[in-house]
Amino acid sequence: MTPKGPWSTDQIQSFLGEARIPVRISCNGASGHPLMASLWFVPQQGELWCATQRSADIASLLTRDPRCAFEVSVEAPPYRGVRGTGAATLHDGRGEEILRVLLERYLGDTRSKFARSLLARAENETAIRIEPETLVSWDFRARMGAAA
């Protein structure tokens, strides 16, 4: 896949690797309306990995229809980020493993009360793997420099 936008594949992977913001995932809801969810993510070998409870709506909807869209973008000027489309698969066997990776990535360790509360439910966790099919980057730093 050749990404569109100003960034190369390496620049996109670098941005995703450094980003400590949630990915917004859009999937097809049961009613026909799109559903959006924000989840922590970690990039691994060109894929995005998230974790959620098996009972979460996003898990059942992605099982029913794996097509999704996603976006990782900064929320303050100057705006930049990556969006795309892809296919999601759920991996129950990697739920706790990915949850631990996410806790380390976003919280720095697994010792906080919040981390411990999430790990206490880890047996019900599933990992979501998003395999991108399209990638588009944008970067308004040059254009917005003075405004930011």
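Residues numbered from 1 in each chain as written. Predicted model: local features only at pLDDT ≥ 70, side-chain atom pairs only at ≥ 80, totals over all residues. Heavy atoms only, no water.

> Residue-level account of the pairing of strand S4 (residues 47–53), with values.
The element S4 is largely enclosed, with a buried count of seven among its seven residues. Counted along the chain from strand S3 (residues 42–44) to the antiparallel partner S4, the turn is two residues long, and its residue Gln45 has a positive phi close to 50 degrees. As paired strands, S4 and strand S7 (residues 125–139) are joined by six bridges and run antiparallel to one another. Paired with Cys50 across the two strands is Ile128, which belongs to S7. (Buried < 20%, exposed > 50% of the residue type's maximum accessible area, 1.4 Å probe, protein only. Helix = DSSP H or I, 4+ residues; strand = E, 2+ residues; numbered from the N terminus. Pairing = 2+ DSSP bridges.)

> Quick rundown of the pairing of strand S1 (residues 23–28)? Include the residues and the values.
Side-chain direction in a regular strand flips from residue to residue, so the side chains alternate between the two faces of the sheet. Taken together, the six bridges between S1 and strand S2 (residues 34–39) define a ladder with antiparallel strand orientation. Residue pairing for S2: Asn28 is matched across the bridge by Pro34. Where S1 hands over to S2, the hairpin turn is made up of five residues, of which Gly32 adopts a positive phi near 100 degrees. Judged from the four bridges that link them, S1 and strand S5 (residues 67–73) form a sheet pairing that is antiparallel. Its bridge partner being in S5, Cys27 is matched across the sheet by Cys68.

> Lay out the sheet that holds strand S6 (residues 80–91) in plain terms, naming residues and giving numbers.
Sheets are built from strands paired through backbone hydrogen bonds, the pairs being either parallel or antiparallel. The strand order S2-S1-S5-S6-S7-S4-S3 describes an open sheet built from seven strands, whose pairing is antiparallel. Unpaired on one side and paired on the other, S2 and S3 mark the two borders of the sheet. Between one strand axis and the next, the sheet turns through 35 degrees on average, direction left out of account. In the packing of helix H3 (residues 95–107) onto the sheet, the strands contacted are S3, S4, S6 and S7, and the crossing angle to S4 comes to about 105 degrees. (Axes fitted to C-alpha atoms, helices over the stretch in contact; angles between N-to-C directions. Contact = heavy atoms within 4.5 Å.)

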